[in-house]
Amino acid sequence: MTASPLDAHHATPAELRERIAVERRGQPFLVYRDETGAQRILELAQRERLSVGRSPECDVALTWDAEVSRLHAELERVGDEWVAVDDGLSSNGTFIANERLTGRRRLRDGDILRVGAVAIAFRRPTVAALERTRLSAQRRTAATITPAQQRVLVALCRPFKGGATDASPATNPQIADELVLSVAAVKTHLRAICRAFEIDDLPQQEKRRKLVAVAFATGLVRDQDL
């Protein structure tokens, strides 16, 4: 079965960041992958109806999939809700949660429409969902941090050993002394980490606390590391 287009394990950090940016706008959207495996996002805010099918004229044109009918299904706005419609339009059917769609069905956040071999996710963002996606993006970014940068992060977080909540992140000189580095080298590592997590525009002290929070949230730093 085709993987869900919302699966963070199959998304690049750039794709997750793109999804977060759309979620922040707070409007419904679709996510699917094209014939090359690239993420495609279609925002629904300015639409009342859209078509899904193999025809190039469809709003979601799945031209590469022979299992998809030329006009396979439609999505329609009804008040503040979106519904999926397949009134016998397709030969092979449209499926939601492994159930064949007959007639109309209201879509809920996270529903996956399976059209031929293509999975199309419907998103109606909430604050909680946005936080989950943001954390997934951070975790993917954490995988790109170098061992040297991780050692700097561990030293930065050391004052929080044992779950201390009133501590302050280690200073650059403290990190330099612990790791036998120059202060300039510590600054270089921290700047690179901040860029990786896209928090380099925050005020300096806020940036250091944010790094600590991200390091623990992603599992990049654990209490036993301290």
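Preceding this section is the structure that the text describes.
A few points on the structure.

Reading guide: rules and limits
Residues numbered from 1 in each chain as written. Predicted model: local features only at pLDDT ≥ 70, side-chain atom pairs only at ≥ 80, totals over all residues. Heavy atoms only, no water. Helix = DSSP H or I, 4+ residues; strand = E, 2+ residues; numbered from the N terminus. Buried < 20%, exposed > 50% of the residue type's maximum accessible area, 1.4 Å probe, protein only. Expected span 1.5 Å × (residues − 1). Core = buried A, V, L, I, M, F, W, Y, C linked by side-chain atoms within 4.5 Å. Pairing = 2+ DSSP bridges. Axes fitted to C-alpha atoms, helices over the stretch in contact; angles between N-to-C directions. Parallel < 35°, antiparallel > 145°, perpendicular 65-115°, else oblique. Contact = heavy atoms within 4.5 Å. Nonpolar A, V, L, I, M, F, W, Y, C, P; charged D, E, K, R; others polar.

1. So, unusual backbone geometry
Okay, step 1: One non-glycine residue, A97, adopts positive backbone phi at about 55°.
Okay, step 2: When you line up the elements, A97 lands in the loop between β7 (94-96) and β8 (99-100).
Okay, step 3: With a relative accessible area of 56%, A97 lands in the exposed category.
Okay, step 4: For V180, which is not a glycine, the phi torsion comes out positive at approximately 55°.
Okay, step 5: As for its placement among the helices and strands, V180 is situated in the loop between α4 (172-179) and α5 (183-196).

2. Details of helix α6 (residues 204-217)
Okay, step 1: Spanning 14 residues, α6 covers 20 Å between terminal C-alpha atoms, matching the ideal 20 Å at 1.5 Å per step.
Okay, step 2: For α6, the full list of buried residues reads K207, R208, L211, V212, V214 and A215.
Okay, step 3: Taken from the residues just after α6, G219 is the one with a positive phi, measuring 80°.

3. Considering the nonpolar core
Okay, step 1: Among the nonpolar cores identified, the biggest contains 25 residues, and L153, L156, I175, F197, L211 and V221 are the most heavily contacted of them.
Okay, step 2: Those elements giving two or more residues to this core turn out to be α3 (147-157), α4, α5 and α6.
Okay, step 3: Here this core gets 6 residues from one element, more than from any other, and that element is α3.
Okay, step 4: Ranked by size, the runner-up nonpolar core spans 20 residues in total, among them L30, V52, L75 and L107.

4. Examining the sheet that holds β7
Okay, step 1: Strands sit in the order β2-β1-β11-β10-β7-β8 across an open sheet of 6 strands; the sheet is antiparallel. At either end of the open sheet lies a strand with only one pairing partner, and these are β2 (39-43) and β8.

5. So, the environment of Q205
Okay, step 1: You can see Q205 is positioned in helix α6.
Okay, step 2: Along the backbone, Q205 and P169 are 36 residues apart, and their C-alpha atoms lie at a distance of 8.8 Å.

6. Quick notes on the packing of α3 against α6
Okay, step 1: In contact at an axis separation of 10 Å, α3 and α6 are set at 110° when each is read in the N-to-C sense. Of the possible angle classes, the one that applies to α3 and α6 is roughly perpendicular. Taking contact as the criterion, the partners of L153, L156 and C157 in α3 are, on α6, R208, L211, V212, A215 and F216.
Okay, step 2: Partitioning the contact of α3 with α6 into residue classes produces 7 nonpolar, no polar and 1 charged.

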